Structure formats: C-alpha cells, structure tokens
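One letter stands for each residue in the lines below.
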Amino acid sequence: MNLWRLASQDGNVLLFNIHISARGERPILFPNDDQNLSDDYARRLFAVSSPLPPTMLRQAQILEASLEEGARGFAFNADLSSVISFLDIGTRVGPGAR
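Residues numbered from 1 in each chain as written. Predicted model: local features only at pLDDT ≥ 70, side-chain atom pairs only at ≥ 80, totals over all residues. Heavy atoms only, no water.

### What to know about the nonpolar core
Nonpolar side chains in soluble globular proteins tend to be buried together.
Item 1. F30, L52 and L67 are the most contacted members of the largest nonpolar core, which totals 13 residues.
Item 2. Setting aside chain neighbours within four positions, we find L52 in contact with F16, F30, L57, A60, L67, A71, R72 and G73.
Item 3. Counting residues in hydrophobic clusters, the runner-up holds six residues, among them L37, A42, F46 and F76. (Core = buried A, V, L, I, M, F, W, Y, C linked by side-chain atoms within 4.5 Å. Buried < 20%, exposed > 50% of the residue type's maximum accessible area, 1.4 Å probe, protein only. Contact = heavy atoms within 4.5 Å.)

So this is what it looks like as structure tokens:
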C-alpha cells in the first residue's frame, strides 16, 4: 500500500521522519535538500519525507525563520530540543485548519 495515496478531507497523508543518532553532528530540522546529511539512512528518510504544505511552511517559518521552500518533514540527528520543536511544528494547527 502506498501511504501517499491516502487522503482525507484535509488533504493527502504527510510522512514526517526523525533521524536519531549518537553522532556529534548538529541537528538539522526541516531541510529542503540532503546535502548536509552525512549517511545513506538519513538521505533515504529525507527522500521519503513529505514536503511541508504551504500553510505549514508559513507556520514553521514563524518559529524557524531559516526554513525555505521545499522544506521537508524531516529532522536529522535530533536531540530532545530538536524533537520538541519538530513535533510542535508538525502538529501545530494554523488558522483555517479543522
């Protein structure tokens, strides 16, 4: 079954992924490309992560001003603080949401 084919009245399914590692690299939230991801597993998770819809991207840019068009629902080398930010953005309900 292809998850991306599932939808509701609110739109298609969004697939978000969190990469957790013991590496000392800095966390990366909502990247728009895989250039700074240091391993194949992270690049694979990035590739299957959904791009943020426009309304979610605007909401996320309020909290993470550096987010650009094409940002995906992906966190790399997430620490506790990153996971909390990721979940906050990924579950935030904006104006007009049901």
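### Side note on the packing of aromatic side chains
Item 1. With the rule as written, the count across this model stands at four aromatic pairs.
Item 2. Between F16 and F30, the ring centres sit 6.5 Å apart and the planes meet at 75°, which makes this aromatic pair edge-to-face. Residue F16 is located in the loop between strand 2 (11-12) and strand 3 (17-18), and its partner F30 is located in the loop between strand 4 (28-29) and helix 1 (40-48); the two are separated by 14 residues in the primary sequence.
Item 3. Given a relative accessible area of 2%, F30 falls into the buried group.
Item 4. For the ring pair F46 and F74, a centre distance of 6.1 Å and an interplane angle of 80° mean the geometry is edge-to-face. In this pair, F46 is assigned in helix 1 and F74 in strand 5 (residues 74-76), connecting sequence segments 28 residues apart. The same class applies to F46 and to F74, which are both buried. (Phe/Tyr/Trp six-rings, centres within 6.5 Å; stacked < 30°, edge-to-face > 60°. Helix = DSSP H or I, 4+ residues; strand = E, 2+ residues; numbered from the N terminus.)

### Notes on the pattern of salt bridges
Item 1. On inspection of all chains with the given rule, the structure shows one salt bridge.
Item 2. Where R43 meets D40, a salt bridge forms, and the shortest distance between an N and an O atom there is 2.8 Å. Remark: D40 and R43 occur in helix 1; sequence separation between them is three residues, near one turn of the helix. (Salt bridge = Lys/Arg side-chain N within 4 Å of Asp/Glu carboxyl O.)

### Topic: the sheet that holds strand 4
Item 1. A sheet is described by the order of its strands in space; here three strands give the open sequence 3-5-4, paired in mixed fashion. The open sheet has two edge strands with one neighbour each: strand 3 and strand 4.
Item 2. Judged from the two bridges that link them, strand 4 and strand 5 form a sheet pairing that is antiparallel. Residue pairing in the sheet places L29 in a bridge with A75 of strand 5.
Item 3. Sheet strands touched by helix 1: strand 3 and strand 5. Its angle to strand 5, the strand with the most contacts, is close to 165°. (Pairing = 2+ DSSP bridges. Axes fitted to C-alpha atoms, helices over the stretch in contact; angles between N-to-C directions.)

### Details of the layout of surface pockets
Item 1. Approximately 290 Å³ is the volume found for the second largest pocket.
Item 2. I28, L29, F30, P31 and S66 are, among the 14 residues lining the second largest pocket, the residues nearest its centre.
Item 3. Of the residues belonging to the lining of the second largest pocket, the class tally is six nonpolar, four polar and four charged. (1 Å grid on protein atoms, 1.4 Å probe; cavity = no way out; pocket = protein on both sides within 12 Å on 5 of 7 lines; lining within 4 Å. Points joined across faces, edges and corners; volume = space filled by probe spheres on them. Nonpolar A, V, L, I, M, F, W, Y, C, P; charged D, E, K, R; others polar.)

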